[in-house]
Amino acid sequence: MSASLARLEPAATLDDRALTGLYQVDEPVVRVNFVTSVDGAVELDGFSAGLSGVPDKRVFALLRMLCDALVVGAGTLRHEGYRALRLDAERRAWRRGQGLAEYPTLVVVSGSLDLNPGQAAFADAPVRPIVLTHGRAPVDRRQALSGVADVWTAGDDTVDLADGLARLRERGLRHLLCEGGPHLFGTLTAADLVDEVCLTLSPLVTGPGAGRITAGPASPPKGMALRHVLEAEGSLFLRYTRT
């Protein structure tokens, strides 16, 4: 018996309202968003932006609009040069209409606290960011960051993500969007904390060298259910959720 194939729906034909309906969720969720090349590269010339096109940037911005908090690893924050987490007036109005805060909260996961308080992601943030760290993090760095962020201790020797994410939800941050990096994705997966994966498959073959979208501790395979496939300009937009 041959499997049936469904026609892909071009993302370019979906207006913002329709696209929002495909990604909006009501329940608490940890959603991970990544872009990868056809041959599995997480970056091009050292940065993920090289894999992204206009349609990917559209979905990227939409997912930020939908979340209560954006969770990112310190290495990705530094390497990708994150700026302040801001939204345009239209997206802020949409959030107000949904009963959400105007801006998502930036949450940075860092064991070493090797972060620059002067980076725009902190210094220019419209909402005071949160940094999740552990009990052995350097005291001087903790103090330096406390001027621009709330520094939370979750775990004694390593960051306890389950505890940290639970505390975020206690604060009312129920919809959590993770943009990486690969080690944070791998750690979340190992702790069985990932509810959704939104993956953009970029129409590029980059060759060997780059890593995968996940790294870190080994974990057993976990089945996921495909919720939709969109296509625009040769890129595929896949949304998977827990089975």
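The rules behind these values
- What you see as residue numbers is a count from 1 along each chain, following the sequence as written.
- Local features in this predicted model are restricted to residues of pLDDT 70 or higher, and side-chain atom pairs are both shown and tallied only at a pLDDT of 80 or more, whereas totals for entire chains, interfaces and linings draw on every residue.
- Water and hydrogen atoms play no part in the side-chain values, which are based on all heavy atoms of the structure.
- UniProt positions are given in the numbering used here, feature names are shortened, and annotations may be inferred rather than shown by experiment.
- Every patch collects residues that have over 30% relative accessible area and no salt bridge, joining them within 9 Å if they carry like charges and within 5 Å if they are nonpolar side chains (Val, Leu, Ile, Met, Phe, Trp, Tyr).
- Reported accessibility uses the Shrake-Rupley method at a 1.4 Å probe radius. Residues are deemed covered only where the shown protein chains occlude them.
- A carboxyl oxygen of Asp or Glu within 4 Å of a side-chain nitrogen of Lys or Arg is what we treat as a salt bridge.
- Under the convention used here, Asp and Glu are negative, Lys and Arg are positive, and both His and the chain ends fall outside the count.
- The location of each charge is read from NZ of Lys, CZ of Arg, CG of Asp or CD of Glu.
- Here a strand is any run of E in DSSP of at least two residues, a helix any run of H or I of at least four, and the numbering for each starts at the N terminus.
- Per-residue accessibility, obtained with a 1.4 Å probe over protein chains only, is compared with the maximum for each type, and a residue is labelled buried under 20%, exposed over 50%, and partly exposed between these values.
- Pairs of strands are assigned from DSSP output, requiring at least two bridges between the strands.
- When the centres of two rings from Phe, Tyr and Trp lie within 6.5 Å, Trp using its six-membered ring, the rings pair. Their planes under 30 degrees apart give stacked, over 60 give edge-to-face, and anything left gives tilted.
- This arc describes the spread of directions from the helix axis toward the C-beta atoms.
- Whether two residues are in contact is decided by their heavy atoms, any of which lying within 4.5 Å being enough.
- Orientation is described by lines fitted to C-alpha atoms, with helices fitted over the stretch in contact, and by angles between N-to-C directions that extend from 0 to 180 degrees.
- Less than a right angle of anticlockwise turn of the near helix away from the far helix marks a crossing as left-handed, whereas a clockwise turn marks it as right-handed.
- Throughout this entry, Asp, Glu, Lys and Arg are counted as charged residues, while Ala, Val, Leu, Ile, Met, Phe, Trp, Tyr, Cys and Pro are counted as nonpolar. The remaining residues, Gly among them, count as polar.
- Think of a nonpolar core as a cluster: buried Ala, Val, Leu, Ile, Met, Phe, Trp, Tyr and Cys residues, connected wherever their side-chain atoms sit within 4.5 Å.

Where an unreviewed UniProt entry is consulted, the chain appears under the name Pyrimidine reductase family protein, with the organism given as Phytohabitans kaempferiae. The Pathway (unreviewed entry) comment attached to the chain in UniProt states, word for word, "Cofactor biosynthesis; riboflavin biosynthesis."

> Honestly, a negative patch on the surface in this entry has me stumped. Any pointers?
Residues Asp156, Asp160, Asp163 and Glu170 make up a contiguous surface patch of negative charge. The residue Glu170 is located in helix α7 (residues 161–170) in this model.

> For this particular structure, what's the right way to read the UniProt feature "domain: Bacterial bifunctional deaminase-reductase C-terminal" (unreviewed entry) in the chain?
Residues given the UniProt feature "domain: Bacterial bifunctional deaminase-reductase C-terminal" (unreviewed entry) here are residues 28–221. In the segment residues 28–221, helix accounts for 30% and strand for 20%; the C-alpha atoms at its two ends are 23 Å apart.

> Any chance you could explain the pairing of strand β7 (residues 175–178) here in plain terms?
Regular strands place side chains that alternate from one sheet face to the opposite one. The two faces of β7 match: His175 and Leu177 on one face and Leu176 and Cys178 on the other face are all buried. As judged from the four bridges shared by strand β2 (residues 29–37) and β7, these two strands associate in the parallel manner. Paired with Val30 across the strands is Leu176, a residue of β7. Pairing of strand β3 (residues 69–73) with β7 involves three bridges; the strand directions are parallel. Note on β7: the bridge partner recorded for Ala69 is Leu176.

> Would you mind going over the packing of aromatic side chains with me for this structure?
On inspection of all chains with the given rule, the structure shows one aromatic pair. For the pair Phe34 and Phe185, a centre-to-centre distance of 5.4 Å together with 25° between the ring planes defines the contact as stacked. Taken together, the positions of Phe34 in strand β2 and Phe185 in helix α8 (residues 182–190) put the pair 151 residues apart, joining distant regions of the chain. We classify Phe34 as buried; its relative accessible area is 9%.

> Looking at this structure, I do not really get helix α1 (residues 16–23). What am I missing?
Think of an α-helix as turning once every 3.6 residues; residues three or four places apart then point the same way. Of all the residues in α1, the buried ones are Leu19, Thr20 and Tyr23. The arc that holds every buried residue of α1, seen down its axis, measures 105°, which confines them to one face. Seen from the open side of α1, the exposed residues pointing more than 90 degrees away from its buried face are Arg17 and Gly21. Residues of α1 that are buried in the fold lie against β2, α2 (54–66), α4 (89–97), β8 (196–202), β9 (224–232) and β10 (235–242).

> Please clarify how the packing of α2 against α4 should be interpreted in this entry.
Any two packed helices are characterised by the angle at which their axes cross and by the distance between the axes. Between α2 and α4, the least distance of the axes is 10 Å, while the angle of their chain directions is 35°. Of the two possible hands of crossing, α2 and α4 adopt the one that is right-handed. Together, Ala61, Arg64, Met65 and Leu66 of α2 and Arg91, Trp94 and Arg95 of α4 make up the contact between the two elements. Among the residues forming the contact of α2 with α4, the class breakdown is four nonpolar, no polar and three charged.

> I tried to follow the sheet that holds strand β4 (residues 105–109) on my own but got confused; where do I start?
Adjacent strands of a sheet pair through backbone hydrogen bonds, lying either parallel or antiparallel. Spatially, β1-β9-β10-β8-β2-β7-β3-β4-β5-β6 is the arrangement adopted by the 10 strands of the open sheet, whose pairing is mixed. Among the strands making up the open sheet, the edge pair consists of β1 (9–10) and β6 (150–153). Bridging between β4 and strand β5 (residues 130–133) involves three bridges; their strand directions are parallel. Residue pairing for β5: Val108 is matched across the bridge by Val131. Sitting on the sheet, α2 touches β2, β3, β7, β8, β9 and β10, and the angle it makes with β2 is about 165°. Seen against the sheet, α7 touches β2, β4, β5, β6 and β7 and runs at an angle of roughly 130° to β6.

> How should the nonpolar core be read in this particular structure?
Generally speaking, a soluble globular protein has its nonpolar side chains buried in company with each other. Counting residues in each nonpolar core, the largest one holds 32 residues, and the members touching the most others are Tyr23, Leu77, Leu106, Val108, Leu115, Phe122 and Val131. Elements supplying a minimum of two residues to this core: α1, α2, β3, α3 (74–79), β4, α5 (120–123) and β9. Element by element, the count of residues in this core is highest for α2, at five residues. In contact with Leu115, other than residues within four places in its own chain, are Ala74, Leu77, Arg78, Val108, Ser110, Phe122, Val131 and Leu145. With 27 residues, the next largest nonpolar core counts Val30, Leu176, Cys178 and Leu199 among its residues.

> Got a minute to help me understand unusual backbone geometry in this structure?
Backbone phi values are negative for most residues with the exception of glycine, while trans is the configuration of most peptide bonds. Residue Gly181 is bonded to the preceding Gly180 through a cis peptide linkage, with omega at 5°. As for its placement among the helices and strands, Gly181 is situated in the loop between β7 and α8. The phi dihedral of Leu113 falls on the positive side, at around 60°, and the residue is not glycine. Inspection of the secondary structure assignment puts Leu113 in the loop between β4 and α5. The exposure class assigned to Leu113 is buried, which follows from its relative accessible area of 1%. Residues other than glycine seldom take positive phi values, yet Glu233 does so here, at roughly 55°.

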